[in-house]
Amino acid sequence: MKIQFTAAVPDAGQRTARYMDGALCLRRLFLRTGMCVDYFGRRLIIENKNKQPQGTSASRSPRKKKKKMTAGRVFAGILRFIASCLCICVILGSIAAVVVSMFVVQETKNDGDLLDLTQLELAYTTIIYNQQINDQGQPEWVEYQRLQSPIENRIWKPLNEISPHLQNAFIAVEDEHFRTHPGFSFKRTALAFANEIVHKLTGKYLSDKGKLGASTIEQQLIKNITGEDDSSGMAGYTRKLKEIFRAIALDNRFSKDEILEAYLNTVGLTGNIAGVEAAANQYFGKSAAEVSIAEAASIASITKNPTKFNPYSHPEEHLQRRDNVILFMQQQGYITEAEAQEAWDTPLTLVEQKKAEEAAEESAVQTDYSWFTDHVINEVIDDLVAENPLGLENWDRKAASAYLHNGGLRIYCTVDTSVQKALEDVWYRGEYWEPFPIENYDDPNNDKDEPRTITTQAAAAVINYKGELCGVVGGLGAKTGDREFNRGTQMERPIGSTMKGVAAYPLALETDRINYSSVFMDDEFPYPDGKGGVLHNWPSNWSGRYSRSLTTVYEALKQSLNTVAVRVGDLVGYRTMFEFARDTLGITSLDPNFDIAPAPMVLGSTYHGITPYQLAGAYMMYGNGGRMTSLHSYTTVMDYQGNVILEKDIVTTQAISEETAYIMNRLLHSVLFDRGGTAVGIHPDANVMDSIGKTGTTNEDKDVWFVGLTPKYVMSTWYGYDENVPMKKYTPHYIYGRAGHPGARAFREVMDTVQPEVPEGEKLQWAKPDGVEKGAYCTISGNIPTEGCPVATGYYKKGVQRGPCTGAHVEPQPAA
């Protein structure tokens, strides 16, 4: 029987079926009558289940039939439950897959740039190079200094410059199937996951080794680049998930060799060492291309636990781990059994580390950087700030400093290591400079200053005639800190009488206002005092006396007489001298508001002062044919890939004529070699080289200066108190006590040490230009001598007219 209807079932024992919002509820209705209601389309179909089909035996047992029907329904229910669970799992899995995909896409959206192995933005070691002459007599660039990065010490090397032993050692111990897997190992990942699950449930790991590592070289490289290293909880699982997807993408984008090169250059080791080149340098004193099998295994053994397997602090644990790496290399076919045995038998031999106390006893520099390194760092940072070679926004000194220290730059500097060492040795001993301690000194301009004992200091800078800084020292004694205040290049102080040779005398000679033997009165100079009158007893000479007679330029410069110098400067003009010193000689510290006057421009009492480095540069023209080349401590800066970042703009200017330069040279020669010179007798070996110089002191001996020149170098020295107070004992000790000028004595030792050997009978000296001729002069009038004149020899420009001495200087004889 089959009944169809679209309304409610009339039987009272039947549940009501309804349409709700146009849709019939899904349910199976059991009726007492044995009929069932089923849903089909939008109709209810009622079938009589008790009706027996024709031909069926009515004598079958109802009990057996019921049991059979019950078992079938249970089995069907189980199947439906399993099917439902599978459907739910599929749905949940699909949802999870979508969520994971969205998460991965969101978290790795910037990976195209982040994981670009051709543009890794990592910290690399910056290296300073200097030029030296090799055994074949050819110049070559050699490493002078590595800058210590506050982040990592890293030197990038291409894969073909990394020993195959190093490559194989890392593959053997870190990722045996690196060459064949797609970026991650499913087997190792599954085992590591199961190991973690068991540990969560039981508190124990499946493996006796505890945690199992599953990271491939690709995954480790990603961690090195991104810095992400979460290892526990949900953060650890999500990090691992991202890492797997990233590893697959990395493997699809780059070759295995490119990935291995990046990994070997970024892998972290002990301290701040990163990459195998820096490691090979640090541990074995060689490049990554030169390491042996045992050394390669040593480096590869560190990565698992850099603290536990540090070869310096834990050599025994390190050797055990190294030997295991050698075993892995042998088992995987990278080396033979004989090579493995030889490597096992190789002792661990590391580069010796100097102890601090040994360095204190042996070295003038007890810190990482020399005074020169300090200066070149500052100069490069200054130029990086000015040039902004990367074109970055928010580019300032802090950003430039970070780039210098972490950018893997290659700085080609100008240091002459023989000069730098000679300076460091002399200043370390400090024997030429008396400390003159002042006890209980209290700075009157500093309310917070506490009484203390102060002593003198000294500094120096040496350049050559290409404008290159060859060496510098910023203080007496051992250098104990990096990036300290460098008096040789940073300290600006008044330069006293050395200023006379900067502008007044050379410009007067250049314009033919004076010659070698021109004469001026040695007495006070009437200069306005700014109050409607004139200065009295100004300027004073260092001796405190005036001869009140005509004095030649030669005598005035030799004895450093202020009276003649201001008269010469007055002929030239103070603005002319100022512009020459600032614009031509590059003395940028001059101040137009205060320094266009005789005291600053002739006697050196400039408002801000001048550094020893700048003063050496100003005197360069006297040993270089009148030419001045811009000062610099480096020529080129490149990045680690060889791209030029900075190139120094080096300019040579003909500051004065060759003739003027040579005449000034001969005038300055008298300071060291002629009687009455302020540093007479204190010069380098005259049998080997010629030399010239100029001394200078400021009021009350607050500053004592010396500039010395040889045919190869210019050296400038300063001596005084940092606190800018008078050295009251200077004149009694050095002048009247005949101890000799301290700067000149230091100059003599340094130059005697660094000057090259010359063939016997030859001498380093300046050649007289064709435009200069020797000539006799009357030492009283300065003119061409006549009969009865006291005569000396001077140097004059050809064609410059000099009159004969009239004899008017001869004192009349008293009557008999």
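First things first, this report covers the structure right here in the doc. (Residues numbered from 1 in each chain as written. Predicted model: local features only at pLDDT ≥ 70, side-chain atom pairs only at ≥ 80, totals over all residues. Heavy atoms only, no water.)

**A short note on the overall build of the protein chain**
Stage number 1. A tally of regular secondary structure across the protein chain gives 24 helices and 26 strands.
Stage number 2. Burial status across the protein chain gives 46% buried among its 816 residues.
Stage number 3. In the protein chain, the proportion of contacts linking residues at least 24 apart, taken out of those at least 6 apart, comes to 66%.
Stage number 4. Only carbon and sulfur atoms are counted for the fraction: they give 51% of the accessible area of the protein chain, which is about 41,900 Å². (Helix = DSSP H or I, 4+ residues; strand = E, 2+ residues; numbered from the N terminus. Buried < 20%, exposed > 50% of the residue type's maximum accessible area, 1.4 Å probe, protein only. Contact = heavy atoms within 4.5 Å. Areas by Shrake-Rupley, 256 points an atom, 1.4 Å probe, with all protein chains shown as cover.)

**Let's talk about a nonpolar patch on the surface**
Stage number 1. A cluster of nonpolar residues, Val-74, Ile-78, Phe-81, Ile-82 and Leu-86, forms a patch on the protein surface that exposes about 500 Å² of accessible area.
Stage number 2. You can see Leu-86 is positioned in helix H1 (residues 62–107).
Stage number 3. A relative accessible area of 53% places Leu-86 in the exposed class. (Patch = residues over 30% accessible without salt bridge, like charges linked within 9 Å, V, L, I, M, F, W, Y side chains within 5 Å. Salt bridge = Lys/Arg side-chain N within 4 Å of Asp/Glu carboxyl O.)

**A look at the sheet that holds strand S20 (residues 644–647)**
Stage number 1. On the basis of which strands lie adjacent, the open sheet formed by five strands has the order S8-S7-S11-S19-S20 and mixed pairing. Where the open sheet ends on each side, the last strands, each with one partner, are strand S8 (139–146) and S20. Within the sheet, the average angular offset between the axes of one strand and its neighbour, ignoring direction, is 25 degrees.
Stage number 2. Across seven bridges, the pairing between strand S7 (residues 127–133) and S8 is antiparallel. Note on S8: the bridge partner recorded for Tyr-129 is Glu-143. (Pairing = 2+ DSSP bridges. Axes fitted to C-alpha atoms, helices over the stretch in contact; angles between N-to-C directions.)

**Looking at the pattern of salt bridges**
Opposite charge on two side chains permits them to pair, given that their charged atoms come into close proximity.
Stage number 1. Scanning the entire structure with this criterion turns up 27 salt bridges.
Stage number 2. Here Glu-749 and Arg-429 are joined by a salt bridge, their closest N and O atoms 2.8 Å apart. Taken together, the positions of Glu-749 in helix H24 (residues 742–754) and Arg-429 in helix H15 (residues 417–429) put the pair 320 residues apart, joining distant regions of the chain.
Stage number 3. Arg-582 is the partner of Asp-583 in a salt bridge, and the nearest nitrogen-oxygen pair spans 2.8 Å.

**Re the side chain of Asp-522**
Stage number 1. Structurally, Asp-522 is set in the loop between strand S16 (519–521) and strand S17 (550–552).
Stage number 2. Among buried charged residues, Asp-522 stands out as having no salt bridge; its nearest opposite-charge side chain is Arg-567, 6.4 Å away.
Stage number 3. In terms of polar contacts, Asp-522 uses its side chain to reach the side chain of Asn-541, at 3.1 Å.
Stage number 4. A polar contact is formed between the side chain of Asp-522 and the side chain of Thr-563, at a distance of 2.6 Å.
Stage number 5. Look past the residues within four positions of Asp-522 in its chain and what remains in contact with it is Asn-541, Tyr-546, Ser-547, Arg-548, Ser-549, Thr-551, Leu-561 and Thr-563. (Lys, Arg positive; Asp, Glu negative; His and termini not counted. Polar contact = N/O pair within 3.5 Å; in protein donor to acceptor, adjacent residues only side chain to side chain.)

**Some words on the sheet that holds strand S22 (residues 692–697)**
Stage number 1. The five strands lie next to each other as S15-S14-S24-S23-S22, forming an open sheet whose pairing is antiparallel. Two strands in the sheet have a free side with no partner beyond their single neighbour: strand S15 (469–473) and S22. Sheet twist, expressed as the mean angle between neighbouring strand axes with direction ignored, is 10 degrees.
Stage number 2. Pairing of strand S14 (residues 457–464) with strand S24 (residues 713–720) involves eight bridges; the strand directions are antiparallel. Its bridge partner being in S24, Ala-458 is matched across the sheet by Tyr-719.

**Structural notes on the packing of aromatic side chains**
Stage number 1. Enumeration over the complete set of coordinates arrives at 24 aromatic pairs.
Stage number 2. Look at Trp-141 and Tyr-412: their rings are 5.1 Å apart centre to centre, the planes differ by 80 degrees, and that puts the pair in the edge-to-face class. With Trp-141 in strand S8 and Tyr-412 in strand S11 (residues 410–413), this residue pair connects regions lying 271 residues apart in the sequence.
Stage number 3. Trp-141 gets classed as partly exposed once you look at its relative accessible area, which sits at 38%.
Stage number 4. You can call Tyr-412 buried: its relative accessible area is 17%. (Phe/Tyr/Trp six-rings, centres within 6.5 Å; stacked < 30°, edge-to-face > 60°.)

**Quick notes on the nonpolar core**
Stage number 1. In this structure, Trp-427, Val-502, Tyr-505 and Met-715 are the most contacted members of the largest nonpolar core, which totals 130 residues.
Stage number 2. By residue number, the principal contributor to this core is helix H22 (residues 658–673), which donates eight residues.
Stage number 3. In this structure, Met-715 is in contact with Leu-423, Trp-427, Ala-460, Ala-461, Val-462, Phe-706, Val-707, Gly-708, Ala-746, Phe-747, Val-750 and Met-751, ignoring residues within four places of it in sequence.
Stage number 4. The next biggest cluster of nonpolar side chains, apart from the first, holds 49 residues, and it includes Tyr-124, Ile-259, Leu-269 and Ile-335. (Core = buried A, V, L, I, M, F, W, Y, C linked by side-chain atoms within 4.5 Å.)

**Considerations on the pairing of S24**
Where a strand is regular, its side chains alternate between the two sheet faces.
Stage number 1. Burial of S24 is extensive: eight of the eight residues sit out of reach of the surface.
Stage number 2. Residues Tyr-713, Met-715, Thr-717 and Tyr-719 line one face of S24 and the alternating positions Val-714, Ser-716, Trp-718 and Gly-720 line the opposite face, and both faces are buried.
Stage number 3. Pairing of strand S23 (residues 703–709) with S24, which is carried by seven bridges, proceeds in the antiparallel orientation. For Val-707, the partnering residue across the bridge sits in S24 and is Ser-716.
Stage number 4. Counted between consecutive antiparallel strands, the loop separating S23 from S24 contains three residues.

**Looking at the environment of Asn-687**
Stage number 1. Following the sequence through the fold, Asn-687 ends up in the loop between H22 and S22.
Stage number 2. Relative accessible area serves as the criterion here: at 64%, Asn-687 is assigned to the exposed category.
Stage number 3. Put simply, Asn-687 and Leu-764 are 77 residues apart on the chain and 8.8 Å apart in space, counted from C-alpha to C-alpha.
Stage number 4. Setting aside residues up to four positions removed in sequence, Asn-687 forms contacts with Glu-762 and Lys-763.

**Some remarks on the layout of surface pockets**
Stage number 1. Within this model, the second largest pocket holds a volume of roughly 1,400 Å³.
Stage number 2. Taken together, 50 residues line the second largest pocket, and the ones lying closest to its centre are Trp-542, Ser-543, Gln-559, Thr-678 and Thr-697.
Stage number 3. Per element, the largest residue contribution to the lining of the second largest pocket is five residues, and it comes from helix H23 (residues 730–736).
Stage number 4. Partitioning the lining of the second largest pocket into residue classes produces 16 nonpolar, 26 polar and eight charged. (1 Å grid on protein atoms, 1.4 Å probe; cavity = no way out; pocket = protein on both sides within 12 Å on 5 of 7 lines; lining within 4 Å. Points joined across faces, edges and corners; volume = space filled by probe spheres on them. Nonpolar A, V, L, I, M, F, W, Y, C, P; charged D, E, K, R; others polar.)

**Observations regarding the packing of helix H8 (residues 276–284) against helix H9 (residues 293–302)**
Stage number 1. It is at 11 Å that the axes of H8 and H9 come closest, and there the two elements cross at 115 degrees. One finds that H8 runs roughly perpendicular with respect to H9. Of the two possible hands of crossing, H8 and H9 adopt the one that is right-handed. The residues of H9 that touch H8, namely those facing Val-276, Ala-279, Ala-280, Tyr-283 and Phe-284, are Glu-295, Ser-298, Ile-299 and Ile-302.
Stage number 2. Grouping the amino acids of the contact of H8 with H9 by side-chain chemistry returns seven nonpolar, one polar and one charged. (Parallel < 35°, antiparallel > 145°, perpendicular 65-115°, else oblique. Left-handed = near helix turned anticlockwise from the far one by under 90°.)

**Thoughts on the environment of Tyr-441**
Stage number 1. By the secondary structure assignment, Tyr-441 is in strand S12 (residues 438–441).
Stage number 2. C-alpha of Tyr-441 to C-alpha of Glu-723: the two residues are 282 residues apart in sequence and 9.6 Å apart in space.
Stage number 3. Setting aside residues no more than four positions away along its own chain, Tyr-441 makes contact with Asp-449, Glu-450, Pro-451, Arg-452, Ile-454, Glu-723 and Val-725.

**Some points on the side chain of Gln-167**
Stage number 1. Of note, Gln-167 is situated in helix H3 (residues 164–174).
Stage number 2. If near-sequence neighbours (up to four positions away) are discounted, Gln-167 is found in contact with Leu-159, Ile-162, Leu-260 and Leu-264.

**A word on the state of the cysteines**
Stage number 1. The tally for this structure, following the rule as stated, stands at zero disulfides.
Stage number 2. There is no disulfide at Cys-87, and the cysteine sulfur nearest it, in Cys-85, is 9.3 Å away.
Stage number 3. Cys-789 provides the cysteine sulfur closest to Cys-805, a residue in no disulfide bond, and the two sulfurs are 3.4 Å apart. (Disulfide = S-S within 2.5 Å.)

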